Amino acid sequence: MRGLCGCGLWMAWLLAVAMPASAGTATVAAASDLQFALTEAAERFEHETGHTLRLNFGSSGNFRRQIAQGAPFELFLSADERYVEALHDEGYTRDEGVIYAVGRLVWLQRAGQGEAPGEDMPLAGVEKALARYANGERPRIALANPEHAPYGVAAKQALTHAGLWSQTEPLRVLGENVSQATQFALSDDAQGGLVAYSLALAPPLAERSEYMLIPEGWHEPLRQRMVLTRQAGEAAQAFYAWLQQAEGRAIFQHYGFSTD
């Protein structure tokens, strides 16, 4: 009996040192391009620490406004560092935060939609859509809303760089965020869309789509910054620190983000 009791005490001690003194819950606001990467990171973090994370995905601009209006988010991961900088200037965050990743923009289309664009003409899919439109069709081109979604801003800049912004006006369909734009890009009536590389790499989408990276010089860098709000508790602080360590950075890299 003493052996069994000792084993039980040993297991109790292991659990005690493996778990934080008081596991907590944190509410996180995250850009939609992180839907798969951050979900994977959160699952691993929760398993390792015992903390619980409530993840909310949406457009960075909308989250920036909600935090300023008092929304109870403790950690904000934006797809555009300027939203974090604005919140800091207005006194809603603990500090200026850190850049956790730099994103990439891609042209995404359904598998079997036709030959995917090549590096020499990354927006060949847009040209095809315009040719179809000239012949009486109306194939959609999806992107996130540039009014509040950083990837929408990048998509507009890329189309403008290629001289295609005004021409595509009748074909554009706007998603509330880049995740919704990705759904639109893969719909039956779409030629494709300009969306986040991280979503194109996610297994559920990669199995049924093709993509081409848009040259980084065609739009402003997608510097993604995260920050703790003034409401941040222990769990949020721990996750913020964990994402900056090797394990968290490796997950971002796996989904196509640069973390250098």
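Residues numbered from 1 in each chain as written. Predicted model: local features only at pLDDT ≥ 70, side-chain atom pairs only at ≥ 80, totals over all residues. Heavy atoms only, no water.

A. Summary view of the pattern of salt bridges. Per the counting criterion, the structure on display carries nine salt bridges. Between Glu 216 and Arg 104 there is a salt bridge whose closest N-O contact spans 3.8 Å. Pair noted here: Glu 216 is in the loop between strand E9 (209-213) and strand E10 (222-228) and Arg 104 is in the loop between strand E4 (98-103) and strand E5 (105-110), with a separation of 112 residues, a long-range link. Here Arg 104 falls in the buried class, since its relative accessible area comes to 18%. Salt bridges linked by common partners bring Glu 40, Arg 44 and Glu 247 together as one network. (Salt bridge = Lys/Arg side-chain N within 4 Å of Asp/Glu carboxyl O. Helix = DSSP H or I, 4+ residues; strand = E, 2+ residues; numbered from the N terminus. Buried < 20%, exposed > 50% of the residue type's maximum accessible area, 1.4 Å probe, protein only.)

B. Main features of the side chain of Glu 81. When you line up the elements, Glu 81 lands in helix H4 (residues 81-89). Discounting residues that sit within four places of it in the chain, Glu 81 has contacts with Ile 99, Arg 223 and Arg 225. (Contact = heavy atoms within 4.5 Å.)

C. Local environment of helix H11 (residues 246-254). Listing the buried residues of H11 in full gives Gly 248, Ile 251 and Phe 252. The arc that holds the buried residues of H11, viewed along the axis, is 100 degrees, so those residues lie on one side. Exposed and facing more than 90 degrees away from the buried side of H11 are Ala 246 and His 254. Among the structural elements, helix H2 (37-49), strand E3 (75-77), E4 and helix H10 (234-243) are those in contact with the buried residues of H11. Gly 256 sits one or two residues past H11 and shows a positive phi near 90 degrees. (Arc of directions from axis to C-beta.)

D. Region of the structure containing the confidence of the model for the chain. Mean pLDDT over the chain works out to 92, with 92% of the residues at or above the 70 mark. Counting contacts from residues 1-20, a segment whose pLDDT is below 50, to residues more than four positions away or on other chains yields seven contacts. (pLDDT = per-residue confidence, 0-100.)

E. Structural view of the pairing of E5. Within E5, five of the six residues are buried, which leaves it mostly tucked inside the rest of the structure. Sheet topology note: the E5/strand E8 (residues 190-196) ladder contains four bridges and is antiparallel. Looking at E8, one finds that Leu 108 is bridged to Gly 193. As paired elements, E5 and E9 share five bridges and run antiparallel to each other. Within the sheet, the bridge partner assigned to Gln 109 lies in E9 and is Glu 210. (Pairing = 2+ DSSP bridges.)

F. Region of the structure containing the sheet that holds E8. Strand order in this open sheet of five strands is E7-E6-E8-E5-E9, and the pairing throughout is mixed. Edge strands, defined here as strands with exactly one partner in the open sheet, are strand E7 (172-175) and E9. On average, each strand axis in the sheet is inclined to that of its neighbour by 25 degrees, with strand direction left out of account. The strands that helix H5 (residues 124-134) touches are E5, strand E6 (140-144) and E8; relative to E8, the one it contacts most, it runs at about 150 degrees. Strands E5, E6 and E8 of the sheet are contacted by helix H6 (residues 150-161), whose axis makes an angle of about 130 degrees with E6. (Axes fitted to C-alpha atoms, helices over the stretch in contact; angles between N-to-C directions.)

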